[in-house]
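# Observations on the model geometry
For reference, the chains in residue letters:
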Amino acid sequence: MSIDATRAHPERFREAIGTEEVRQLETRLMGATNLAGLYYPEDRSAGGYVLYGMAPDQAALPLAERLPPTPLRHYYGFRDGRYVDALYLQTGHNDVTAMRRILTEDGFDTMGERVLEFGCSAGRMLRHMEAEAQANEAWGVDLHSAAIHWAQAHLSPPFHFATTTSTPHLPFEDGYFGLIFAGSVWTHIGELDDAWLLEMRRILRPGGRLYLTISDETTLEEVARVKPDHASNGHVAELDAATGMLSRDWIAFVTRSTPWLQRAVYRRAPWVDRIARWMEPKVVRPKSYGWQTAVLLEKRA
Ligand SMILES: C[S@@+](CC[C@H](N)C(=O)[O-])C[C@H]1O[C@@H](n2cnc3c(N)ncnc32)[C@H](O)[C@@H]1O
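What comes next concerns the included structure. (Residues numbered from 1 in each chain as written. Predicted model: local features only at pLDDT ≥ 70, side-chain atom pairs only at ≥ 80, totals over all residues.)

## Some remarks on the nonpolar core
- In this structure, A151, I180, L210, Y211 and L212 are the most contacted members of the largest nonpolar core, which totals 49 residues.
- If we ignore the near neighbours within four places in the chain, the residues touching I180 are L116, F118, M200, L204 and L210. (Core = buried A, V, L, I, M, F, W, Y, C linked by C-beta atoms within 7 Å. Buried ≥ 20, exposed ≤ 12 C-beta atoms within 10 Å, placed from the backbone. Contact = placed C-beta atoms within 7 Å.)

## Observations concerning the environment of P69
- Position of P69 relative to the elements: it lies in the loop between α4 (56-59) and β1 (78-79).
- Exposure remark for P69: the 11 C-beta atoms within 10 Å place this residue in the exposed category.
- C-alpha of P69 to C-alpha of K227: the two residues are 158 residues apart in sequence and 27 Å apart in space. (Helix = DSSP H or I, 4+ residues; strand = E, 2+ residues; numbered from the N terminus.)

## So, the sheet that holds strand β4 (residues 138-142)
- Reading across from one edge, β5-β4-β3-β6-β7-β11-β10 is the order of the 7 strands in this open sheet, with mixed pairing throughout. Single-partner strands in this sheet number two, and they are β5 (160-163) and β10 (280-289). The sheet shows a mean angle of 15° between the axes of neighbouring strands, direction not considered.
- Sheet topology note: the strand β7 (residues 204-214)/strand β11 (residues 292-298) ladder contains 6 bridges and is antiparallel. Bridged to R209 within β11 is E298.
- Along the sheet, helix α5 (residues 85-105) makes contact with β6 (177-182), β7, β10 and β11, crossing β10 at roughly 150°.
- Strand contacts of helix α8 (residues 193-203): β6 and β7, with the helix running at about 145° to β7, the strand carrying the most contacts. (Pairing = 2+ DSSP bridges. Axes fitted to C-alpha atoms, helices over the stretch in contact; angles between N-to-C directions.)

## Here we look at unusual backbone geometry
- Residue P157 is reached from S156 by a cis peptide bond, and omega for that bond is 0°.
- Here P157 lies in the loop between α7 (145-154) and β5.
- Between P157 and P158 the backbone carries a cis peptide bond, its omega angle lying at 15°.
- By the secondary structure assignment, P158 is in the loop between α7 and β5.
- Even without being a glycine, H74 presents a positive backbone phi close to 50°.
- With respect to the element layout, H74 can be found in the loop between α4 and β1.
- According to the C-beta neighbour criterion, H74 is partly exposed, with 19 such atoms within 10 Å.

Set out below in structure tokens:
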């Protein structure tokens, strides 16, 4: 069924809804990396989707022990072929501690600030910021709607969550947040990198901080050294075979496509120099989130 046929035969289109033809059209639409406004929808294979509240066994647990189902963990806490709950909690705690250390070094106090985790998944990091959530608002957004729905049912209150899309816009007013952080999200953003940075700047208050992590040349070296059989080494080699980039002066590249699978890599110095025109770089620290480099930026007053 072509789009033209849809226009010419609206009745036929109505009948087609729910058929394999329409499902295929929708799959093609969601995979269209040149379109904006995409998000990962809930599974509708049962003819729709249903949201449930917290199960009684979960409701009895303290916040710190309510854990998302493994498909929502994005491989965090995955070791030797299985998910380890304690490791999922520990990695989130470690990544927040590393961020706090950098913020403290910069003299920035998070208490009393409105906080946003951009690309929060099921709240692996945000769950360790309960004090900030109690003192003010703490939000998490992601384009993975199932992860956001789980977080809304299990971690809210005290946190707030919303599903957003791949379009570089978030539903918050100018200057709303004092701190925005994004662990391993810029690593998936690619072409929309600049537009997303400018959107973060819009919703930060003057003097607010943006903490994000990037993959750069150090990340590439570390992954190749520590995990030579890691699939991402193969993706870089493939792109190099097609372009010869590694023997040239590359400043950024992206392997594969779609928000989850694609991997954006930046050469650190030119990337920081470029964005320094829009925000003030305060700290740049390699290997602060696993193999990734942490960057702390301030919105100029
Ligand atoms: C590697 S995971 C990191 C999850 C989380 N930040 C953490 O540290 O646990 C990357 C996350 O970014 C989300 N993401 C990627 N592009 C996004 C975008 N444009 N807007 C919102 N979320 C995005 C993905 O859905 C995924 O949950």
